Amino acid sequence: MPATASVETQTCSIHRCDVATQTAPTTEEPEYPSHLERDSELWFEDGNLVLRARNTEFRVYRGTLINHSLAFRELLSDPHSDTANALNLRCWTEKDNTGTRTIVHLPDSPEDLRHFLRLFFSGDSLNIWALEPTFHQLSAYIRLGTRYRCEQMVQRSLEYLKKWYTDTRDGWFGVKLLDPPRFEAIHVIGVVNLARLTRTDSLLPSALMVCCLLGGDIVSGFTREDGTQEKLSAEDLGRVFTAKGKLLLSNVKATHRVFGQTVSSGCRRPKVCAAVLGRLLSKLADDETVIDSLRWSSLWETYISKIEVDEKDSQRQLCSPCHFMVTSTRPEEFQREFFNDLPAMVGVTVQDWAGKLLDDDDGDDDDDDDDDDDDDG
């Protein structure tokens, strides 16, 4: 593939035939910047298609693009098509010192278009996930992929988001981090908006829950690379404010239920274990992070180990069945309940959400104990 050119201001001697309208060609010339720059990365001298985003031009290969984009396939086969009008695309031809070339004027920003085109022109296949994507990359993939009908791009991008903002119980238990590795916390606002754009409702419960962890900056949102402000809609912002109280209340209730003084049915020393459970409950006031966390189960085991270990001999005080009960059986039970109720708590409806819980293991009970080797004395 030819080397790319450096960024430079381009001045062309232009012969133009405007074919942007669906009816007869108009004599009105399309608006375009007086000074154009070639993109430093995606300008191929033997390219046969120029895509113009604001004042930046990208010279690429027509065949590669239409293989992945139904919208560009329709536009370039018929510039008068409904696609051109619906997407506000302008297509015409120009002559310069390299010959005649097709120009397509797009309403996208250069930053978004660069992310979009890199997927097609960095190799011979659509290989998105060589590295973890940033939010800005993924956002461009989904927004432009939706606009230009690149089904593979959109579906693979949504599959990536579903790994983190999951709609399955197994995924919920398996996710340890709240956001993808290269996302900032505030970017979850954009995830909600992408879910709305693509009507992928299954992303909304987890994403809106994570929004509840944001501070006051949730109101103003964040700025994308091209200067566009990304904010929640007023309706979704209201859902977050309402859901935060519900989620914290659910956390408080679950925490008290986990550390309630009912020992395991297989408890080997009920008096000792009941006293330890009572201490775990009473010490919660000294460790507000356990209560004031919306992913509460991730903190319980650390808290339990800190409180129940004997300071004198560093030995665990709960017997094995009771320890398994408060670190595994009860938390998983309450997490299942929490996951099942999550759409209602954040104010959305997701079709078949409860159906995703049918694989639950109903055989778990307080007597489950795979750790029989500790010394109960």
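Just so you know, these numbers come straight off a predicted model, no measurement behind them.

K.L.:
Sorry, what's going on with the overall build of the protein chain here?
P.N.:
What the protein chain contains, in helices and strands, is 14 helices and nine strands. Looking at the protein chain as a whole, 49% of its 377 residues qualify as buried. Taking as baseline every contact in the protein chain between residues at least 6 positions apart, the subset at least 24 positions apart corresponds to 67%.

K.L.:
So what exactly am I meant to see when it comes to empty space enclosed by the protein here?
P.N.:
Any empty space left between the atoms is revealed when a probe the size of a water molecule rolls over them. Counted according to the given criterion, the structure contains two cavities of 30 Å³ or more. Lining the second largest cavity are D112, H136, S139, R143, R224, E225 and D226. Of the residues forming the lining of the second largest cavity, the biggest block, three residues, is contributed by helix α5 (residues 135–147). Across the lining of the second largest cavity, the residue classes break down as no nonpolar, two polar and five charged.

K.L.:
Which parts of the structure should I look at to understand the nonpolar core?
P.N.:
Buried together is how nonpolar side chains tend to be arranged in soluble globular proteins. Counting 73 residues, the largest nonpolar core has L51, F116, L117, Y148 and Y165 as the members making the most contacts within it. Excluding its chain neighbours within four sequence positions, the residues that come into contact with Y148 are S69, L70, A71, F72, L87, L89, L106, P107, D108 and F116. Of all hydrophobic cores here, the second largest spans 21 residues; its members include F259, V276, C322 and V326.

K.L.:
Just checking my understanding: could you explain the pairing of strand β5 (residues 56–60) for this structure?
P.N.:
Here is the key point about a regular strand: its side chains alternate between the two faces of the sheet. Most of β5 is tucked away, with five of its five residues classed as buried. Burial along β5 is two-sided: T56, F58 and V60 facing one way and E57 and R59 facing the other are all buried. In the sheet, strand β3 (residues 36–43) pairs with β5 via three bridges, with the strands oriented parallel. Within β5, the position partnered with W43 by the bridge is R59. The pairing of strand β4 (residues 49–53) with β5 spans five bridges and is antiparallel. Within the sheet, the bridge partner assigned to V50 lies in β5 and is R59.

K.L.:
How should the packing of helix α9 (residues 204–211) against helix α14 (residues 320–346) be read in this particular structure?
P.N.:
Helix-helix packing is described using two parameters, namely the angle between the two axes and the distance between the axes. Interhelical geometry of α9 versus α14 gives an angle of 75 degrees and a closest axis separation of 9 Å. Between α9 and α14, the angle falls in the class roughly perpendicular. Contacts between α9 and α14 involve P205, S206, L208 and M209 on the former and, on the latter, F338, L342, P343 and V346. For the contact of α9 with α14, the residue count by class is seven nonpolar, one polar and no charged.

Calculation rules
- Residues numbered from 1 in each chain as written.
- Predicted model: local features only at pLDDT ≥ 70, side-chain atom pairs only at ≥ 80, totals over all residues.
- Heavy atoms only, no water.
- Helix = DSSP H or I, 4+ residues; strand = E, 2+ residues; numbered from the N terminus.
- Buried < 20%, exposed > 50% of the residue type's maximum accessible area, 1.4 Å probe, protein only.
- Contact = heavy atoms within 4.5 Å.
- 1 Å grid on protein atoms, 1.4 Å probe; cavity = no way out; pocket = protein on both sides within 12 Å on 5 of 7 lines; lining within 4 Å.
- Points joined across faces, edges and corners; volume = space filled by probe spheres on them.
- Nonpolar A, V, L, I, M, F, W, Y, C, P; charged D, E, K, R; others polar.
- Core = buried A, V, L, I, M, F, W, Y, C linked by side-chain atoms within 4.5 Å.
- Pairing = 2+ DSSP bridges.
- Axes fitted to C-alpha atoms, helices over the stretch in contact; angles between N-to-C directions.
- Parallel < 35°, antiparallel > 145°, perpendicular 65-115°, else oblique.

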